[in-house]
Amino acid sequence: QVVMAMSAILLLTIAAFSPCSAFVPASHIQRPTVIGSVPISSPSTSTQLSLNIWGENIGATTSLIATAVGPIASSLFAYGGNVPLWQSCALNAVLFGTLRSKLNKMLTAEGFAHAFALGTLLWTTLGWRGWTLCVMYLFLGQAVTKVKFQEKEKAGIAEGRGGRRGPENVWGSALTGLICAACSVQGSGSFLGISSDVYLLAYVASLATKLADTFASEIGKAYGKTTFLITTFERVKPGTEGAVSAEGTAAAVVGGLLLSLCGYAINLISWPGVIVSTIAAFLATNAESLIGATLQEKEGFEFMTNEVVNFINTLIGAFIAILGGVLVLGME
């Protein structure tokens, strides 16, 4: 409640002193209808004058507030993003304060702070659509992580910290997406020879890739009956780096498709883009299994932590989506 109150005060204070509402010409202020006379015996003239002034002051104040809030609201919820940083920061402070009880179950204290920074930057670049897709990834990923969590915890293959994500998880999962989001709003329709629509497709695919990986891992550990290494097909225990299962592989398709459909629902990508994004997520997830089996936990590759592999995983998914968008869909 304190965070929400302070955030609201901050937003209103900045709005009050914003250049868009600093001065409003008197000619632009719509005067309200003068309040009717009140039957008072005396002094009727002075009472009527006071009521008229009071009514005019209310009208002027209302006009000032409308003039200030209107442009800010239009900017905050702009369909194409490019929201001023201070507005995005203030709104995210309110949103994170409102969702704090739920987010604290998903994120560590440090993870919460880094997620706030990520949310602010995503709203600044892509607006509410980019922010919403990332939040959908967080909630869906957390939901599948909790599937048979106690059983996985007893087996020693559950996510640490009770499944809560820290800063390394936040950026390992979403740094590629943030880069794509930033590239999509550079220039006038294209950046480095790639169109904004292609970058949006890559943004969706990067998060779809991470969700596909999470679905494959968590469902595979919970329901996988036969788990084997993707390189040698040798049977291994669930949770082994580079291990795959039929159940986990099917879950990867579902996870990638789910988030791609979310991107389609909020008009970040087209229907053909859903297919490209889902395929990119599936291929990248299998590439991540190959990396895990051949490099992770191997001598000389200690730097290949889960978070580094996750970043590479999402980077591969975004790259495949860009190729698919340009070469298959003919996006320019």
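Note that this is a predicted model, so its numbers are computed, not measured.

1. Comments concerning the packing of aromatic side chains
Right, on to step 1. Summed over the entire model, instances satisfying the criterion amount to seven aromatic pairs.
Right, on to step 2. Residues Phe96 and Phe116 carry aromatic rings whose centres are separated by 5.6 Å and whose planes lie at 90 degrees to one another, so their mutual orientation is edge-to-face. You can see Phe96 sitting in helix α3 (residues 85–98) and its partner Phe116 sitting in helix α5 (residues 109–145), a full 20 residues away along the chain.
Right, on to step 3. For Phe96, a relative accessible area of 8% corresponds to the buried category.
Right, on to step 4. Judged by centre distance (5.6 Å) and plane angle (70 degrees), the ring pair of Tyr264 and Trp271 falls under edge-to-face.
Right, on to step 5. Here the aromatic cluster, defined as three or more aromatic residues joined through ring pairs, consists of Phe96, Phe112 and Phe116.
Right, on to step 6. A cation sits over an aromatic face here: Lys146 above Phe149, 4.6 Å from the ring centre.

2. Let's talk about the nonpolar core
Right, on to step 1. Grouped together as the largest cluster of nonpolar side chains are 51 residues, with contacts concentrated most on Leu118, Leu122, Leu133, Tyr203, Leu207, Leu259 and Leu268.
Right, on to step 2. At the level of elements, α3, α5, α7 (167–184), α8 (196–223), α9 (246–265), α10 (271–294) and α11 (306–328) are the ones that each hand at least two residues to this core.
Right, on to step 3. Looking at this core element by element, the count peaks at 14 residues for α8.
Right, on to step 4. In this structure Leu122 touches Gly127, Gly130, Cys134, Leu178, Ala181 and Tyr203, once residues within four positions along its chain are discounted.

3. Observations regarding unusual backbone geometry
Right, on to step 1. The residue Lys148 is not glycine, and still its phi comes out positive at about 50 degrees.
Right, on to step 2. A relative accessible area of 37% places Lys148 in the partly exposed class.
Right, on to step 3. If you check the backbone angles, Phe233 has positive phi at about 65 degrees while not being a glycine.
Right, on to step 4. Assignment of secondary structure puts Phe233 in the loop between β3 (228–229) and β4 (243–244).
Right, on to step 5. Since its relative accessible area comes to 60%, Phe233 is described here as exposed.

4. What to know about the confidence of the model for the protein
Right, on to step 1. Per-residue confidence for the protein averages 82 on the pLDDT scale, and 76% of its residues sit at or above 70.
Right, on to step 2. Averaged over each element, pLDDT in the protein is lowest for helix α1 (residues 2–16) (44) and highest for α9 (96).
Right, on to step 3. Note that pLDDT drops below 50 for residues 1–42; the model gives that stretch 45 contacts with residues more than four away or on any other chain.

5. A short note on a nonpolar patch on the surface
Right, on to step 1. A cluster of nonpolar residues, Leu257, Leu261, Tyr264, Trp271, Ile275, Ile279 and Leu283, forms a patch on the protein surface that exposes about 630 Å² of accessible area.
Right, on to step 2. Counting only elements with at least two residues in the nonpolar patch, the list comes to α9 and α10.
Right, on to step 3. Considering every element that reaches the nonpolar patch, the biggest residue donor is α10, with four residues.
Right, on to step 4. By secondary structure assignment, the location of Ile279 is in helix α10.
Right, on to step 5. When its relative accessible area of 47% is taken as the criterion, Ile279 is described as partly exposed.

6. Let's talk about the pattern of salt bridges
Right, on to step 1. Evaluated as defined, the whole model comprises four salt bridges.
Right, on to step 2. Note that Arg161 is salt-bridged to Glu168, the shortest N-O span being 2.8 Å.
Right, on to step 3. Residue class for Arg161 comes out partly exposed when judged on its relative accessible area of 44%.
Right, on to step 4. As a salt-bridge pair, Asp213 and Lys210 come within 3.4 Å of each other at their nearest N and O atoms. Placement of both Asp213 and Lys210 in helix α8 is noted, with a separation of three residues, approximately one turn of the helix. The exposure classification of Asp213 matches that of Lys210, with both residues buried.
Right, on to step 5. Connected through shared salt-bridge partners, Lys152, Glu218 and Lys221 make up one network.

7. Looking at the packing of α8 against α11
Right, on to step 1. For the pair α8 and α11, the least separation of the axes is 8 Å and the interaxial angle reads 140 degrees. When the axes of α8 and α11 are compared, the pair comes out oblique. In terms of crossing hand, the pair formed by α8 and α11 is right-handed. Between α8 and α11, the contacting residues are Val198, Leu201, Ala202, Ala205, Ser206, Thr209, Lys210 and Asp213 on the first element and Asn310, Asn313, Thr314, Gly317, Ala318, Ala321, Ile322, Gly325 and Val326 on the second.
Right, on to step 2. The class makeup of the residues in the contact of α8 with α11 is eight nonpolar, seven polar and two charged.

Calculation notes
- Residues numbered from 1 in each chain as written.
- Predicted model: local features only at pLDDT ≥ 70, side-chain atom pairs only at ≥ 80, totals over all residues.
- Heavy atoms only, no water.
- Phe/Tyr/Trp six-rings, centres within 6.5 Å; stacked < 30°, edge-to-face > 60°.
- Helix = DSSP H or I, 4+ residues; strand = E, 2+ residues; numbered from the N terminus.
- Buried < 20%, exposed > 50% of the residue type's maximum accessible area, 1.4 Å probe, protein only.
- Lys NZ or Arg CZ within 6 Å of the ring centre and 35° of its normal.
- Core = buried A, V, L, I, M, F, W, Y, C linked by side-chain atoms within 4.5 Å.
- Contact = heavy atoms within 4.5 Å.
- pLDDT = per-residue confidence, 0-100.
- Patch = residues over 30% accessible without salt bridge, like charges linked within 9 Å, V, L, I, M, F, W, Y side chains within 5 Å.
- Areas by Shrake-Rupley, 256 points an atom, 1.4 Å probe, with all protein chains shown as cover.
- Salt bridge = Lys/Arg side-chain N within 4 Å of Asp/Glu carboxyl O.
- Axes fitted to C-alpha atoms, helices over the stretch in contact; angles between N-to-C directions.
- Parallel < 35°, antiparallel > 145°, perpendicular 65-115°, else oblique.
- Left-handed = near helix turned anticlockwise from the far one by under 90°.
- Nonpolar A, V, L, I, M, F, W, Y, C, P; charged D, E, K, R; others polar.

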